[in-house]
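Report on the structure
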Amino acid sequence: MWLETVVVRPAQHQKTALREYLDQWQAQLADSPEPVQCEVFFRLPAGTDTAIHIRHHTGSSFPAANPLGLRLAENLREFGPVKRSLWAPHSF
């Protein structure tokens, strides 16, 4: 398992359009060939940033160029600045 995060900071006038886009995007994940779980978070208290967490369940290593996350990050650029990062689990 590994985690991919995509964070976007939408302009105020783009927040509604962003939420609509993410609703459609999440609905399309059901048809994805990859076994993934997705959660969307809104930053508190102001709700300025939106973070999308994609949990990938494909193997123990993660590819740096996952098409799902790359495509999402690219599409979200129309709503504002985007930051994408990959996270590996750590066992204690």
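The structure under discussion appears in the preceding block.
Residues numbered from 1 in each chain as written. Predicted model: local features only at pLDDT ≥ 70, side-chain atom pairs only at ≥ 80, totals over all residues. Heavy atoms only, no water.

In this structure, Y21, L22, W25, I52, I54, L72 and L76 are the most contacted members of the largest nonpolar core, which totals 17 residues. Every element with two or more residues in this core is listed here: β1 (2–8), α1 (15–28), β2 (36–42), β3 (50–56) and α2 (67–76). Apart from residues no more than four positions distant in its own chain, L76 is found in contact with V6, V8, L18, Y21, L22, I52 and V82. (Core = buried A, V, L, I, M, F, W, Y, C linked by side-chain atoms within 4.5 Å. Buried < 20%, exposed > 50% of the residue type's maximum accessible area, 1.4 Å probe, protein only. Helix = DSSP H or I, 4+ residues; strand = E, 2+ residues; numbered from the N terminus. Contact = heavy atoms within 4.5 Å.)

Relative orientation of the contacting elements α1 and α2 amounts to 160°, with a least axis distance of 12 Å. The pairing of α1 with α2 is recorded here as roughly antiparallel in orientation. You can see that α1 and α2 cross each other, and the crossing is right-handed. Seen from α1, the contacting residues are L18, Y21, L22 and W25; seen from α2, they are L68, L72, N75 and L76. Looking at the contact of α1 with α2 residue by residue, the class counts come to seven nonpolar, one polar and no charged. (Axes fitted to C-alpha atoms, helices over the stretch in contact; angles between N-to-C directions. Parallel < 35°, antiparallel > 145°, perpendicular 65-115°, else oblique. Left-handed = near helix turned anticlockwise from the far one by under 90°. Nonpolar A, V, L, I, M, F, W, Y, C, P; charged D, E, K, R; others polar.)

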